[in-house]
Amino acid sequence: MAHEQSFLELIEAWDGSGVVVKHDELTGSWVFVALHDDTLGPMVGGCRMKTYACPEDGLRDAMRLARGMTHKWAALDLPCGGGKSVLAIPGPLSGADRRGLLHRFGELLNTLDGAYGTGEDLGTTPEDMRVVADVSKHVVGIHGIEGAPSDPGPFTARGVFAGIRSALRHRHGTDSLSDRTVLVQGVGDVGGPLARMISKAGGTVLLCDLDQNLAFAVSVEIGGSVVTQDNVYQTECDVYAPCAVGATLNPGTIPSLRCDMVVGSANNQLESNADADALAERGILYAPDYVVNGGGALAFTLIHQGQRNVAELDRRVRGIGDMLDEIFAEAVAAGESPLNSAARRVERVLQNAKNKD
Ligand code: NAD
C-alpha cells in the first residue's frame, strides 16, 4: 500500500510560503490555510468545505489548490497571490455548528491580518461567506457591492466556453460547435450554464452528474442526453469538459478517453503533471485548467476594481480564449504539452514582478 504522507512530510515537501493548521474541537473539523506565493499581491483563494478520508488529505488538497491559485492569478496577470483554505469537516454540518465553525474560521483569518483573503468554493455558499464576513473583513467576494452578480459560476462557464472555442480553432481551424459533441461532467454552477451555452451555439451536449435527476432535468431543458457515471470516460465525444471534481485525468482514465480535447472548469484535473504528457501522446489536446477556469476570478477582480459593465466583463472573460490560442501555438512551436507552455507563461509573469521589486 502507498505510504500516506504525514502532516510534517507534507509541509516539508511543499514549496509554498507557509500553512496554518487548526483543529476545531467543537465540530471535530480541521482548518487549513495554505499560503503559497505573494509575489503578485495578497494571497487570495476560496474556502473549500469537504469531508476527507483523513485530515492529511485535506491539507494536501489545500496545498495543491493554493499552488493552482498562484498559477491562475499569474496566468491572468492579476495582482493577487495564491492561497486556499480547507475546512475538513467530519460529516455534513448545518445550523449553529456550521455558523460556529465559519465564525471561528473568520477569527483565524483576522490573525493573518490581510495576508490571505477568502471566498466561496466547492462546499461553501455565498451565505457561508456572509457568515464569515460577520467577523472578518478578509472575505473578498463581492457581497455588498450593489448591482454586482453574486455567483462567479456563469463567468467561469463563459471562460470555459471561450476555451472550448479556442481548442476547436486550434484543432479544426473553425470554432463552430455545430456537429460537435461536448460531454459536461458536473452540471453545477459552472457545468449548468456551460451546457446551456454549448446547446445555444448548436453543439450536442452529453451530461453526467452524481445527481442523476439534475443531469436529467438539464438534459430535458436543452435537448441533451445523460451519460451514466460508469460510462463517462469511455463515451465518444469531441470535447470532454470536466466540471465536477479534480484528478479525473489519470493513468486509469486516460487510456479509455474517446475525445479530441479536454477543456473544463474543475481544479487540478490532472492527477500528476505526467498525465499532460500522456494526453499529448494520445493526441488529446489539453487546455490547462487554471487558465480555462479563471473567468469567475477575473470577472470578480474586475468588479472589485470598479468595472460594472457586463459586456466589458464578458469581453475580458472571453480573452481567456485568446490566451489559450497563444498557449496552444507556443506548445506546438516548442514541441511540448500546453501545460508546460502555460507554466512558462506563469514563470514569465512572476519573474517580471520580481524584477520590478
Ligand atoms: P458545484 O458544486 O456547483 O457543481 C458540481 C457538480 O458536480 C454538482 O452538481 C455535483 O453533483 C457534481 N459532481 C460531483 N462529483 C461528481 C462526479 N464524480 N461525477 C459527476 N458529477 C459530480 O461546483 P461548481 O461551482 O460548478 O464547480 C465545478 C468545478 O469547477 C469544481 O472543481 C470547482 O472547484 C471548479 N471551479 C469552479 C469555479 C466557479 O466559479 N464556480 C471557478 C473555478 C473552478
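Provided above is the structure to which this section pertains.
First, a word on what this report is: a plain description of the structure on this page. (Residues numbered from 1 in each chain as written. Predicted model: local features only at pLDDT ≥ 70, side-chain atom pairs only at ≥ 80, totals over all residues. Heavy atoms only, no water.)

### Side note on the packing of aromatic side chains
For the record, the criterion: Here is the rule: rings of Phe, Tyr and Trp (six-membered ring for Trp) pair when centre to centre is within 6.5 Å. Planes less than 30 degrees apart are stacked, more than 60 are edge-to-face, and the remainder are tilted. Strands are runs of DSSP state E lasting at least two residues, helices are runs of H or I lasting at least four, and both sets are numbered from the N terminus onward. Only protein chains enter the accessibility calculation, which uses a 1.4 Å probe; a residue whose area is less than 20% of its type maximum is buried, one above 50% is exposed, and one in between is partly exposed. Charges are assigned to positions over rings by a cutoff of 6 Å between ring centre and Lys NZ or Arg CZ, combined with an angular limit of 35 degrees from the ring normal.
Counted under the stated rule, the structure contains four aromatic pairs. An angle of 70° between the planes, with centres 5.2 Å apart, marks the rings of Phe 7 and Trp 30 as edge-to-face. With Phe 7 in helix α1 (residues 7-13) and Trp 30 in strand β2 (residues 29-37), the pair connects residues that are 23 residues apart, well separated along the chain. Here Trp 30 and Phe 32 contribute two aromatic rings whose centre-to-centre distance is 6.2 Å and whose plane-to-plane angle is 5°, an arrangement assigned as stacked. Its relative accessible area of 25% is what places Trp 30 among the partly exposed residues. Using a relative accessible area of 0% as the deciding quantity, one classes Phe 32 as buried. Site record: aromatic cluster; members linked through ring pairs are Phe 7, Trp 30 and Phe 32. Cation over ring: Arg 158 sits above Phe 155, and NZ or CZ is 5.0 Å from the ring centre.

### Side note on the sheet that holds strand β11 (residues 261-262)
The cut-off we apply is this: Paired strands, in this sense, are two strands between which DSSP finds at least two bridges. In what follows, a contact means two residues having at least one pair of non-hydrogen atoms within 4.5 Å. Between N-to-C directions, angles span 0 to 180 degrees; the directions come from axes that are lines fitted to C-alpha atoms, helices contributing only their stretch in contact.
Strand order across the open sheet formed by six strands is β9-β8-β7-β10-β11-β12, with parallel pairing between neighbours. Each edge of the open sheet is held by one strand with a lone partner, namely β9 (225-226) and β12 (285-286). With four bridges connecting them, strand β7 (residues 181-185) and strand β10 (residues 239-242) associate as parallel partners. Note on β10: the bridge partner recorded for Val 184 is Ala 241. Helix α7 (residues 212-222) rests against β8 (204-208) and β9 of the sheet, and its axis sits at about 165° to β8.

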